[in-house]
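Each chain is listed here by its residues.
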Amino acid sequence: MIQTTDIQMVEIRIATDVLVLGGGYVGLQTALDIAASGYRVILAAKDEVLGDSDNATLTGMGAGEKEALAALVDRVNADDGVEVLAETRLAGSAGVAGDFTVWLSGPDGVAERKVGAVVVAGDLACEPLTEAYGLTLSETVVSQTGMEEILAERPADLGGKTVAFMVGFGQEGNPLVMERVLSAVSAATDVDGCTAYVYVNNIKVAEDNLERLYLQGRNKGAIYFKLQEMPAIRQDGAGPLTVGFTDPVLRQPVELIADMVVVEEAVCASEENSGLAELLRIEPGPAGFLQTENVHNYPVRSNREGIFVVGAGRRVAALGSTLADAGNVALALKALLGGGTIAVPANQAVVDEGKCTICLTCYRCCPHGAIYWESDKAIISPVACQGCGICASECPMDAIQIGDYTDEAMLGQINEKLDDGDDAPKIVAFCCQNSALEAGAMAEQFGMPLPVGLKTIQVPCAGKVDIEYILTAFAEGADGVLVLACHTGNCKSERGNIFAGWRVEDAHRLLEAAGFEKDRLCFATLASNMGSDFSSIVTDMAIRINELS
Amino acid sequence: VTKLNIEQSKVMVIGGGIAGLTAAWELSKSGVSVELVEKAGFLGGHAIQYACKATDTCQQCGACPVEKVLKHVVDDPNITIRLGAQVAGISKNGRFNVTLAAAPQGDAAPGDGCDDYSQNPTACAAQQGFSKNNAAVKDAGADGSVDVDAVVLASGFSPFDARRKSTYGYGQWPNVVTGLELEQTKRAVGRVVRPSDGQIPEKVAFIQCVGSRDERLGNLWCSKVCCPYALRTAMSMKHKHPETEITIFYMDIQNTGNDFPAFYNQCRDDLNFIRSIPVDVYPLENDRLRMRFVDEAEGVPTDVEFDLLVLSVGMMPGADNEALGELLGLERNQDGFFAAAERLNAVGTTAEGIFLAGTVQGPKTIADSMAHAGQSAREVMKYLGGAE
């Protein structure tokens, strides 16, 4: 095992002001929660007035919640710890956690500020899907927002009408989209003489109370047609529309007349997100959100220390659940910023200035955006660095050494483990401490079969496994070598497993060129809870080695 | 509430599942001592029994973060762990005085039948509390009385008892299993096997919404997690054994995450989806099963044979909720989960100093339970005056 020496710690002073981007409900709550921790908050909102009424509608806020929102705006405005910058957007950022410089563009030009952390609250966007249905908005074809306006302002207009709601054909949808439809259906059925038909694919009810809301509409007379194909809708000027579909119960084509068709809207990530991701150098996730689908970042972390994503920045969900993000980011900031000083190991990541040629390989490969350069050398921020060691293994000059995992320590350990005088075939398994190492310990604890000659070597991330380590293991007498990484998308350092896979491919080529059986070297992925898979991977390796020798 | 010295304050977390573990760890990191009370003999609740559902690629099921949080909790000297314990009484006079007692354990000890791991992996895994981290727990004992400043209720859910849907034959035919049992096996053995003979099944059916979204039972909620676990498990089975045929019987498919549309497309390529919930399951020779359902595409009753049937059982309110509600003076909602005091504050209760975390409040994924528990820990800190 790694020898933990008396680690020398250094104290670093860090900035503790926090920039919150977004003046919607979650942004406001986040600002207040952070201010309650005693940190000064700069709240940059793109609108002139806080409280963002667009998002209030999109998240299905009722009257009570809108009142709560107004009260929240008052509390933010009254809080001395929160500096509100209206009509202000992020124009640029530099630096690392604890020491960010941000440029904020507002009505009076661009201001430069120093902050310790940045929280992106983001906005939701609303996209009409009329085109997907081949329809044009008119008196009789209205959007979901249009229907909400009618229900709020002149519901009597719906009297005596047949209204057809369409949802789940122009998009897969989500519970927020569904909640808006179910609420409107329920309200429409309350209007005297209004009949609601709902044409729907998958009913997305995976939020609190939606199943009940769905039942409520049906009990009030709304009729649901659950179809897998989009109905054919004929729009003829301002006249009634015809909705054609195959009835799944009658199993025959049906045409129904509707006085009005309500077309669903997508509630999705804001288009501004991609620009924000670039400005903050964070990895965007799927569907335009600002968080990769990496469970290690849940709930509110990004791939960069000190940059957090909350609310609509990371997903579409009901307001009640996204508000949890505010409390979580406050906890994370407390842990990061503390009282303005942070203690870090002095040897976390050390750059040898004599060897560094500022080729910028480390800057480009660091998955945490922890590396920058000043005049003639690369600098690794000990606050932002997560110690994965990808940079150390990628550095063409071997100029970077990581904490307890220096090249000298690693090679020494390989030598030591292989020099045990044991006769059993020797299998060296380089194990990521976040996954394979834990899986191996589980296999051992549970008494699963493991080969006698297994030598486990801990690495901070599979991305720290140099080709040199692999070749040294073979040179020192290993009969087989395994590089065991996390599954794609599950690496705490985003790409360490991918780097490890590439290095194994390179090593395979070298082994083959040297006339060595390449099957003696294997790459596999595991999670920390896969003890039985660990057991089968190492056991299979032992069998393969026996077959080869 | 007067501002307390945070280092001297203590919080009780009731329930050692993923929400309780997360709340305990977050509170401890904030400088508070924690008493973690768990009625089972191991920590991690249901979540620690779930298997990784990755193909080569992680599918974000959230099972591995449970290991991580459990490890943090077990290693944390600030968290006192009490296994096999339950709350017997609680009184409030400024602080809470909580009396603990041994929780009744089932007749069969977990792990009965474990001699050798390779002979009976699921029993052996259960004996170890499903995780190597449970072996390191220092149990402070079930009895005693503790004074605490706040309480986090994280007592979780109870899985739907599939025997209540008697026509599925759960408990009668060996190859009818619940989603939870499927997970336990996959975790212990590394793959999905048929209980009758330990072999890899060739034709597998999942029935969704077993116990959830059921008007007849009065269960008017979606459990949120069953579509994700069924689809992810099915895709990981398919990855390991591409020749396995898998059918999903469903009403409506719920989303897994932000990339759901792409994931659902892959699922539709690899799995067979039938929008119909079968009513009857009949046993055949060789422990195979025959199911009858009305296929929407054909419109006539259809019979299909399978050799493994998985019931995607939903999340029901915890079996102890009624008793806990009485002890703590908390209201339950119409479904039997604990009601949050406000729609926009999902962790606060009507009782001062008592907070909710996780599925005790309603069905949640692992990720959402963790976020909810974090929010709960933060609200506790605010209550204790230790937000700063």
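In this text the structure is predicted, and so the values were computed from the model without any measurement.

Draft legend 1. Spatial organisation of the environment of Arg194(B). Residues and elements named next belong to chain B. Tracing the backbone shows arginine 194 in the loop between helix H4 (179–189) and strand S10 (203–210). As a C-alpha pair, arginine 194 and aspartate 307 span 113 residues in sequence and 7.5 Å in three-dimensional space. Non-local contacts of arginine 194, meaning those with residues more than four positions away in its chain, are made with Asn175, Gln199, Ile200, Pro201, Asp307 and Leu308. Separated by 2.5 Å, the side chains of arginine 194 and aspartate 197 make a polar contact.

Draft legend 2. Fine view of the sheet that holds strand S14 (residues 289–294) of chain B. Residue and element names in this part refer to chain B. An order of S13-S14-S15 is seen for the 3 strands of this open sheet, with the pairing classed as antiparallel. Both edges of this open sheet fall to strand S13 (280–283) and strand S15 (301–306), since each of them pairs with a single strand only. The mean inter-strand angle of the sheet, taken between neighbouring strand axes irrespective of direction, is 25 degrees. One ladder, built from 4 bridges, connects S13 with S14; its direction is antiparallel.

Draft legend 3. Seen up close, the packing of helix H5 (residues 144–153) of chain A against helix H6 (residues 175–189) of chain A. Residue and element names in this part refer to chain A. Two numbers describe how H5 lies on H6: the axes approach to 10 Å, and their chain directions differ by 35 degrees. The crossing of H5 and H6 is left-handed. Only Arg180, Val181, Ala184, Ala187 and Ala188 of H6 make contact with H5, whose side of the interface consists of Gln144, Thr145, Met147, Glu148 and Leu151. Taken together, the residues of the contact of H5 with H6 sort by class into 6 nonpolar, 2 polar and 2 charged.

Draft legend 4. Representation of the sheet that holds strand S19 (residues 307–309) of chain A. Residues and elements named next belong to chain A. Strand order in the open sheet formed by 5 strands is S4-S3-S2-S8-S19, and the pairing between neighbours is parallel. Pairing within the sheet leaves two strands with one partner each, and these edge strands are strand S4 (82–85) and S19. Within this sheet the neighbouring strands show an average axis-to-axis angle of 20 degrees, counted without direction. Of the pairings in the sheet, the one linking strand S8 (residues 117–120) to S19 comprises 3 bridges and is parallel in character. Bridging from a neighbouring strand, valine 120 pairs with valine 309 of S19. Sitting on the sheet, helix H1 (residues 25–36) touches strand S2 (18–21), strand S3 (41–44), S4 and S8, and the angle it makes with S3 is about 170 degrees. Relative to S19, helix H10 (residues 324–337) is tilted by about 170 degrees, and along the sheet it contacts S2, S8 and S19.

Draft legend 5. View of the pairing of S15(B). Residue and element names in this part refer to chain B. Direction of pairing for S14 relative to S15: antiparallel, over a ladder of 6 bridges. Across the sheet, residue methionine 291 finds its bridge partner in S15, namely valine 304. Hairpin connection of S14 to S15: 6 residues between the antiparallel strands, including glycine 299 at a positive phi of 80 degrees.

Draft legend 6. Highlighting the nonpolar core. Membership of the largest hydrophobic core comes to 74 residues, with the highest contact counts inside it found for Leu27(B), Leu36(B), Leu43(B), Val73(B), Leu309(B) and Leu311(B). Residues contacting Leu309(B), with those up to four places away along its chain left out, are Tyr168(B), Asn175(B), Val176(B), Val177(B), Ala205(B), Ile207(B), Val281(B), Leu289(B) and Met291(B). Of all hydrophobic cores here, the second largest spans 57 residues; its members include Val118(A), Ala121(A), Val309(A) and Leu337(A).

Criteria and thresholds
All chains use their own residue numbering, which begins from 1 and follows the written sequence. The lettering of chains begins at A and the numbering of ligands begins at 1, in the order of writing. With pLDDT at 70 or above as the cut-off, local features in this predicted model cover only qualifying residues; side-chain atom pairs require 80 or more to be listed or tallied, and sums for whole chains, interfaces and linings still use all residues. Excluded from the side-chain calculation are hydrogens and water; included are all heavy atoms of the structure. Secondary structure elements are defined from DSSP: runs of H or I of at least 4 residues count as helices, runs of E of at least 2 residues count as strands, and each element is numbered from the N terminus. Any two residues having at least one pair of non-hydrogen atoms within 4.5 Å are treated as being in contact. For the purposes of these results, a polar contact is taken to be a pair of N or O atoms within 3.5 Å, where, inside protein, one atom must be able to donate a hydrogen and its partner to accept one; residues adjacent in sequence count only when each atom of the pair is a side-chain atom. In this description, strands pair whenever DSSP reports at least two bridges between them. Axis lines are fitted to C-alpha atoms, over the contacting stretch for helices. Their N-to-C directions set the angle, which ranges from 0 to 180 degrees. Should the near helix be turned counterclockwise from the far one by less than a right angle, the crossing is left-handed, whereas a clockwise turn marks it as right-handed. We call Asp, Glu, Lys and Arg charged. Ala, Val, Leu, Ile, Met, Phe, Trp, Tyr, Cys and Pro are nonpolar, and the rest, Gly among them, are polar. The set of buried Ala, Val, Leu, Ile, Met, Phe, Trp, Tyr and Cys residues whose side-chain atoms join them within 4.5 Å is what this entry labels a nonpolar core. Three labels apply to residues, based on accessible area from a 1.4 Å probe with only protein chains included: buried if under 20% of the type maximum, exposed if over 50%, partly exposed otherwise in between.

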